[in-house]
Amino acid sequence: MSALSFARPEWLWGLLLAAVPVLIHLIHRRRARRQPFAALDFLLRVQRRQARRLLLRQIVLLLLRTLAVVLAVLAAAGPSLQPPAREEAPGPRATILLLDTSFSMRYAPGGRSLFDRARELARREIRDREPGECLGLVTTGAPDPRIWSPCRPDGESVMALLDRIEVTAGGGELGPALQEAARLLEPAGAPRRRIVVFSDLAAHALGREPVWPGEIAPELELAVLLPADAERGNRAVRGVEARPERRHLWVNARIQNFSRRDETAVPVRVVFDAEGAVSGFADLPARQEVAKSFRPPRPAGGGVGRVVLPPDDLSDDDQEAFWAGEGGAVSLLLVDGDARPAIDRDELYFLERALAPDGAEGSGIGYRSVPPERLREEDLAGVQGVVLANVGSLPPALVESLRRFVRSGGGLLVAVGDQMDPQRASQELGDLLVRPLRDVISLGRTGDGPDETGMAFAAEPQAHPLLAPPGSEEALDLTRVRTEKAMVTEPGGGDDARVVLHFENGVPALLERSVGRGRLLLWTTSVDRDWTRWPARASFVPFWQRMCFYLAGRLGRPAPPRIESGQPVRLAEETDRERLVVVRPDGESVPLAEGQRRFEDTARLGWYHVRTQDGSAPLEAPPGFTVVPPPAESDLAPIEAERLSGWAGAAPLRWRAGGREGRRSLAVACFGFLLLILLAEAWLIRRG
Amino acid sequence: MTEISSLDPEVLARLAGLQVRVERVVEGVLAGIHRSARHGVSTDFVDHKAYAPGDDPRRLDWKVLARLDRAMVRRFRDETRLSALLALDASGSMGYRGGALAKLDYAKILAGSLAALLLRQGDEVGLLFSGESAVERPPTGSGEHLLELCRALDGLTAAGPTRLADLVERYLSRMNRRGVLILFSDLFDSDREALQSLRLAAARGHRVRVFLVLDGDEIDFPFEDPTLFTCLEQDRRLLTHPRQVAAAYREEIQAFIEECRRTLAEAGAWLELARCDEPPDRVLRRALTAWQETAK
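What counts, and where the lines are drawn
Residues numbered from 1 in each chain as written. Chains lettered and ligands numbered in written order. Predicted model: local features only at pLDDT ≥ 70, side-chain atom pairs only at ≥ 80, totals over all residues. Heavy atoms only, no water. Pairing = 2+ DSSP bridges. Helix = DSSP H or I, 4+ residues; strand = E, 2+ residues; numbered from the N terminus. Axes fitted to C-alpha atoms, helices over the stretch in contact; angles between N-to-C directions. Buried < 20%, exposed > 50% of the residue type's maximum accessible area, 1.4 Å probe, protein only. Contact = heavy atoms within 4.5 Å. Polar contact = N/O pair within 3.5 Å; in protein donor to acceptor, adjacent residues only side chain to side chain. Phe/Tyr/Trp six-rings, centres within 6.5 Å; stacked < 30°, edge-to-face > 60°. Lys NZ or Arg CZ within 6 Å of the ring centre and 35° of its normal. Buried area = accessible area lost by both parts, 1.4 Å probe. Salt bridge = Lys/Arg side-chain N within 4 Å of Asp/Glu carboxyl O. Nonpolar A, V, L, I, M, F, W, Y, C, P; charged D, E, K, R; others polar. 1 Å grid on protein atoms, 1.4 Å probe; cavity = no way out; pocket = protein on both sides within 12 Å on 5 of 7 lines; lining within 4 Å. Points joined across faces, edges and corners; volume = space filled by probe spheres on them. Disulfide = S-S within 2.5 Å. Parallel < 35°, antiparallel > 145°, perpendicular 65-115°, else oblique. Left-handed = near helix turned anticlockwise from the far one by under 90°.

Novice: For this particular structure, what's the right way to read the sheet that holds strand 13 (residues 288-294) of chain A?
Specialist: Residue and element names in this part refer to chain A. Spatial ordering of the open sheet is given by 9-10-13, a layout of three strands whose pairing is antiparallel. Edge strands, defined here as strands with exactly one partner in the open sheet, are strand 9 (235-244) and strand 13. Geometrically, the sheet is characterised by an average inter-axis angle of 15° between neighbouring strands, direction not taken into account. In this sheet, strand 13 lies alongside strand 10 (residues 249-257) in antiparallel orientation, the contact comprising seven bridges. If you follow Val 251 over to strand 13, its bridge partner there is Phe 294.

This is the structure we're talking about:
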C-alpha cells in the first residue's frame, strides 16, 4: 500500500489550527450581540421553518472551513505518496551511506547547496538507524571512490566522519562508488542490505554500470535532492583562449547555457588581477555553447585575467582564469655593426625608431644599442633578446657568451648586411646562425616603377606567431615590400631549422631554430635601407615590434595548461633543474623538489602561479596553470528514471523521503481541493 | 442629500413634552391639508349636486327642478358630532426603539396630533389604553380636553403582554352609540384575536381605523452579525445569524402587514402603516386624505 509522507513534517503541527474555525464559531456565539426585538415571533417562525436547513448549512460551513485549514497545512508540509515498499526480510540491517561529493553538488538553489542538503539527510538517516544496524560511509571521487568507514554498528563515529566530508571541485561517478559500497556490505552478512545514495542524480553522475558482488544486489535507496522537473539552470565558462597581440590581447571565451531557456544579453566581463577590465554581452541559446571574443589592451603588469559571468546557483564555474602575459617591457640589446656619423645612414636608424616610436612604455619594448667593439658579456645580463645588425666580426669569447645566453632562454637575431662576409661570419658565429651563409645575391628588378625594384616576399605567409593569419586585425601586407639584395644560406643547419618567410623566388628571408631554451633567428637581408625598401613602409614597424616580442619569448609560447580539478599537471620536462614553487589559488605556496615537474594538488579551482624559488618567472615552465571543474559537472540535467533503473541492474530502487523523484506529490492536489472548498464556502455564504 | 424635515422623528425626539410635539405635527398637517367639508344631514345647506341613482329622493330640491327642469340634490353640513376613542396599545412590544423614537412614543405623537385635529373641528375625543396602564378618558369635545389627553398620553409606558381583544371589548362596552375606534398598535398579538375583535367592532357599525405602528428595523431587518434576539414581552430568546434568516423574515413581516390590511378591509375597516422613521405629519395627512376619500 502506498505510504503518505511529508517533505516538511514539522509543518504538520499546523493541523492544530483546524480547531480555529470551531473556536471562532464558539467565540462568535459567546460574543453575540443582545438585541431586544419586538417581532421575535416572526423570527421564531422563520427559524422554525428553516431550522434544519440552517443547522445543516452551519455544519457544512464549519466542516468546509476546517477542511480548508487542514488542506492548507497539508499542502505546506509537502505531502507525497511513496510507492509501496517491498517486503523486507526479518533480521538486522546493514546500510552504506553514499554521498556524491562531485562539483555539481555545489549547486545551491535557494542559497543552500545540494551537498549540505545531502549531509543533513544523511545525519537524519544515522539518527533514525535501527538498533544494532551496521553503518558505513562512502563518497564518490575521481578517479576512485573513497571509503570513509566500513560497515560497523557505530553510528556516532560515522556521524563524526560525515562532518569532515567536503564537496570537491572535481568529478565522481556513482557506479564505482556503488560497487565499492556493495563490496563493503558483503562481510556484514546482514539479511537486509541497502545503500542509501545522496546525489543530485545528474545525468553525468552515473558513470559505468555497477557490478554487484555476491548473488543478491543490495537495495538502493535514492535520496534525491531536487525534483526531476525542477529548473536546473546553469551557465559556465567552458574555456578561455588568450593570445597576446602587439598592443592588445585577443581573448576568446566559450560560454555554455545549460538551462532549458534562452538567455539574452548576459553580461560577460574580462578582468585583470593587475588592473583593467572590459565587458560585453552575450546571447546564450538554451543548452548551447557560444564563443565571445574580446580585444582588451594588454595590461601593463601582465599577470592573470579572468572571464567572469554573473553568478548563478552554481557560481564556481562562472569564471575562468587565463594568462595575460608577462608584465613589463621587453628588454633588447641591439649591436650596431654599421654605425655611421650620418644618423639616417646608421644601420639601426630605422629599427630603433620602429621598436620604440613612443618610448618603451608605448610599445612595451626597451632597447640599448652598442657597437660590436664595445660589446661585453655583462651587457647580456637582464636582456631577453640580442640583435646583431650587420656585425662583421665578434671575438670568440663573446660568441661563446651569446651561445650561453641563447641556451639559457635568450633570443638572438642575426641580420645580415654589407659589413658581413658570409664565409667569415659562418665560421665565427657557427651554430648561432640558423644556417651557414653562402653568398650575397641580387634579387633583380621586377618592374620599372620605384616600388617595383627588387623582390617581394611570398604571398602566402606561413602559420607562425610572427605572421598573423590573413584577415585578422594584426595581419600585415608584405607583398608590396621590395628587397633588392639578400644573403643565401647553405643547406643544413639541422632538421629543426625552419623557414618562416621567404622571397618570391624561394630564397629564405627569415629562418629560425631553437637552441636549448632559447631561439635563433636569421634575417637574410638588411634592417636598414641598404638592401631593402621595407623601412620606408608602414608594415615595417609592427612586424619588427612583433619580432622583438617573439625574440624575447613573449610570442608563440604555448598557452599555460588548463587542468580539470583533481588531475595532475606536468609543468615541464623532468630533465630541467630549475626549482619551482606553485602558489595555489588560496595563496598557499607549495615548493617542488629539485627536478620535480609534476604537481598533483589541484583540488582548488582557479589560477596556480608557478615561480622559481627566488620569485622570478620560470624559464622552463609555464607561468602558471588554471584549474577548472570537469566540463560535464556543469551540466545539471537529471537522469531519466527509466535509464536509472536499467543502469542499476538487479538492484531494486527505492526513493527515500526527503527526495522528490519517484514520489507523487500531493501538494498540487491539496491546493486544488483548497480552492474548490473556498469557492464552495463563498457560494454558501452568498446564498445566505 | 436627504433633506431633514422639522417633523422628522429625530427632530421630534429632541423636543421635550408631548404637547409641543403634537402642536408641531398639527401645524404640519394643517399646512398641508385644506379644510374640506363633511357632507351629512345637518340643516346647514352647502350646495347642490346632480341627482344620481341611489340618492335619497327626499333631498331633491323641487324648486330647482321646477325652475330649471334639472334634478338636483341638496347637500348639508353634517350636524352629528363624531365621537372618537383613541386606543393605544401599550404592551411591551410597543417599547421597541430602533431609531429616535420608540414605537409607543411615535404612537403617542400620532394619537395626540389626531386628537388635536378632531377637537379643532368639534368632535369628541377619548382615550383608551391597553397593557398595564388602565387609564381611560371618555370622549369629550371641550377645548381644554386636549391638555388632559396629552398629559394622560405622556404618562403612558410600554409594558406587559399585548391584549388587544380586551381593549376592543372595553371600547364596545363603553360606546353605546356608533363611534370611531382609532387604534395605534403593532398588532403583535400572538393569538391573533385582535383582528377578529376589530372585525367585530366594524360589524357593529363602528368605524375602525388602525395605525399599524412598526419600527423600520422590524420591516427592513438590517441586522448582520450573529445576534441574540430577546422578546420584549416574554422570556424568550433566539440566537441566530441574521444574514441567514433576513430574507425569509422580510417576507414574513410583509405577509403579516398584507394580511392585516386585507382582513380589516374585508370588514370595512381601514389600516395605515406608520413607520417610526417617517415624519408623523405625513402619516396623518395620508390617513386623513384616505378617510375623506372613504367618506365621500
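Having put the structure on the table, let's press on.
Novice: Where do I start with the pairing of strand 27 (residues 580-583) of chain A in this structure?
Specialist: In the case of a regular strand, side chains alternate between the two sheet surfaces. Residue and element names in this part refer to chain A. Burial along strand 27 is two-sided: Leu 580 and Val 582 and Val 581 and Val 583, pointing in opposite directions, are all buried. Relative to strand 28 (residues 589-591), strand 27 runs antiparallel, the two sharing three bridges. If you follow Val 581 over to strand 28, its bridge partner there is Pro 591. Turn length for the strand 27-strand 28 hairpin, with the two strands adjacent in sequence and antiparallel, is five residues, and the turn residue Gly 587 shows positive phi of about 95°.

Novice: What am I meant to see in the environment of Glu504(A) here?
Specialist: Residues and elements named next belong to chain A. For Glu 504, the position within the fold is in the loop between strand 22 (498-502) and strand 23 (508-515). By relative accessible area, Glu 504 is classed as exposed at 53%. For the pair Glu 504 and Thr 479, spaced 25 residues apart in the sequence, the C-alpha separation amounts to 9.1 Å. The residues touching Glu 504, leaving out its near neighbours within four places in the chain, are Met 455, Ala 456, Phe 457 and Ala 458.

Novice: Please explain the environment of Arg353(A) as it appears in this structure.
Specialist: Residues and elements named next belong to chain A. Tracing the chain through its elements places Arg 353 in helix 6 (residues 349-355). Owing to a relative accessible area of 39%, Arg 353 belongs among the partly exposed residues under this scheme. Taking C-alpha positions, Arg 353 is 9.9 Å from Pro 535, a pair spaced 182 residues apart along the chain. Among the polar contacts made by the side chain of Arg 353, one reaches the main-chain carbonyl oxygen of Tyr 349 at a distance of 3.1 Å.

Novice: Would you mind going over the packing of aromatic side chains with me for this structure?
Specialist: Geometry of an aromatic ring pair is reported as the spacing of the ring centres plus the angle between the planes. All names here are of chain A. Applying the stated criterion across every chain yields a total of 30 aromatic pairs over all chains. Ring geometry for Trp 534 and Phe 543: centres 4.8 Å apart, planes at 50°, overall tilted. We classify Trp 534 as buried; its relative accessible area is 1%. For Phe 543, a relative accessible area of 1% corresponds to the buried category. Over the ring of Phe 294 we find Lys 292; its NZ or CZ atom is 5.7 Å from the centre of that ring. Across the ring face of Tyr 550, the terminal group of Arg 519 is positioned such that the distance to the ring centre comes to 4.0 Å.

Novice: Just to check I follow, could you spell out the interface of chain A and chain B for this structure?
Specialist: On the side of chain B, 30 residues touch chain A, which itself brings 25 residues to the contact. For the pairing of chain A and chain B, the buried interface totals around 2,700 Å² over both sides, and the portion due to carbon and sulfur atoms is 64%. Counting the surface chain A buries against chain B, the share from its top three residues, Phe37(A), Ala38(A) and Phe42(A), is 23%. At the junction of chain A with chain B, the criterion picks out three salt bridges. Between Arg49(A) and Glu252(B) there is a salt bridge, with its nearest N and O atoms 3.1 Å apart. For the pair chain A and chain B, the interface holds 11 residue pairs in polar contact (both at pLDDT 80 or more). Elements with a minimum of two residues in the side of chain A that touches chain B: helix 1 (19-30), strand 2 (33-37) and helix 2 (40-76) of chain A. Broken down by class, the residue content of the side of chain A that touches chain B amounts to 11 nonpolar, six polar and eight charged. Relative to strand 9 (residues 227-231) of chain B, strand 2 of chain A runs parallel, the two sharing five bridges. What sits directly across from Pro36(A), in strand 9 of chain B, is Thr230(B).

Novice: Mind showing me how you'd approach empty space enclosed by the protein here?
Specialist: A probe matching the size of a water molecule, rolled over the atoms, marks out where space remains unfilled. Residues and elements named next belong to chain A. Per the counting criterion, the structure on display carries five cavities of 30 Å³ or more. Empty space within the largest cavity amounts to approximately 60 Å³. Forming the walls of the largest cavity are Ala 236, Val 237, Arg 238, Asp 317, Arg 562, Val 628, Pro 629, Pro 630, Pro 631 and Ser 634. In terms of residue count, strand 9 provides more of the lining of the largest cavity than any other element does, three residues in total.

Novice: What's the story with the pattern of salt bridges in this structure? I'm lost.
Specialist: Any two side chains of opposite charge can pair, so long as their charged atoms come close to each other. Residues and elements named next belong to chain A. Taken as a whole and assessed by the stated rule, the structure comprises 52 salt bridges over all chains. Among the ionic pairs, Arg 65 bridges to Glu 681, the shortest N-O distance being 2.4 Å. Within this pair, whereas Arg 65 is found in helix 2, its partner Glu 681 is found in helix 12 (residues 667-687), the two being separated by 616 residues in sequence. Its relative accessible area of 33% is what places Arg 65 among the partly exposed residues. Between Asp 273 and Arg 306 there is a salt bridge whose closest N-O contact spans 3.1 Å. Taken as a pair, Asp 273 in the loop between strand 11 (263-272) and strand 12 (277-284) and Arg 306 in strand 14 (residues 304-308) lie far apart in primary sequence, 33 residues in all. Since its relative accessible area comes to 45%, Asp 273 is described here as partly exposed.

Novice: What should I look at first to understand the state of the cysteines in this one?
Specialist: Covalently bonding the sulfur atom of one cysteine to the sulfur atom of another cysteine gives a disulfide. Residue and element names in this part refer to chain A. Counted according to the given criterion, the structure contains one disulfide over all chains. In this model, Cys 134 is linked to Cys 151 through a disulfide, with the two sulfur atoms separated by 2.1 Å. Highlighted residues: Cys 134 in strand 5 (residues 134-139) and Cys 151 in strand 6 (residues 146-152), separated in sequence by 17 residues.

Novice: Looking at this structure, I do not really get the packing of helix 2 of chain A against helix 9 (residues 242-266) of chain B. What am I missing?
Specialist: Packed helices, taken two at a time, are described by the angle between their axes plus the distance between the axes. Put simply, helix 2 of chain A and helix 9 of chain B touch, their axes get as near as 10 Å, and they point 155° apart. In terms of axis orientation, helix 2 of chain A runs roughly antiparallel to helix 9 of chain B. Judged by the twist between their axes, the crossing of helix 2 of chain A over helix 9 of chain B is right-handed. Between helix 2 of chain A and helix 9 of chain B, the residues in contact are Phe42(A), Leu43(A), Arg45(A), Val46(A), Gln47(A), Arg49(A), Gln50(A), Arg53(A), Leu54(A), Arg57(A) and Gln58(A) and Gln244(B), Val245(B), Ala248(B), Tyr249(B), Glu252(B), Ile253(B) and Phe256(B), respectively. Of the residues that constitute the contact of helix 2 of chain A with helix 9 of chain B, the class distribution is nine nonpolar, four polar and five charged.

Novice: Explain the sheet that holds strand 10 (residues 237-240) of chain B to me, please; I cannot follow it from the model alone.
Specialist: Think of a sheet as strands paired side by side through backbone hydrogen bonds, with each pair either parallel or antiparallel. Pairing is mixed across the open sheet formed by three strands, whose spatial order is 2(A)-9(B)-10(B). Of all the strands in the sheet, the pair left with one neighbour each is strand 2 of chain A together with strand 10 of chain B. Neighbour-to-neighbour, the strand axes of this sheet turn through a mean angle of 25°, independent of strand direction. Across the sheet, helix 2 of chain A is in contact with strand 2 of chain A together with strand 9 and strand 10 of chain B; its angle to strand 10 of chain B comes to roughly 50°.

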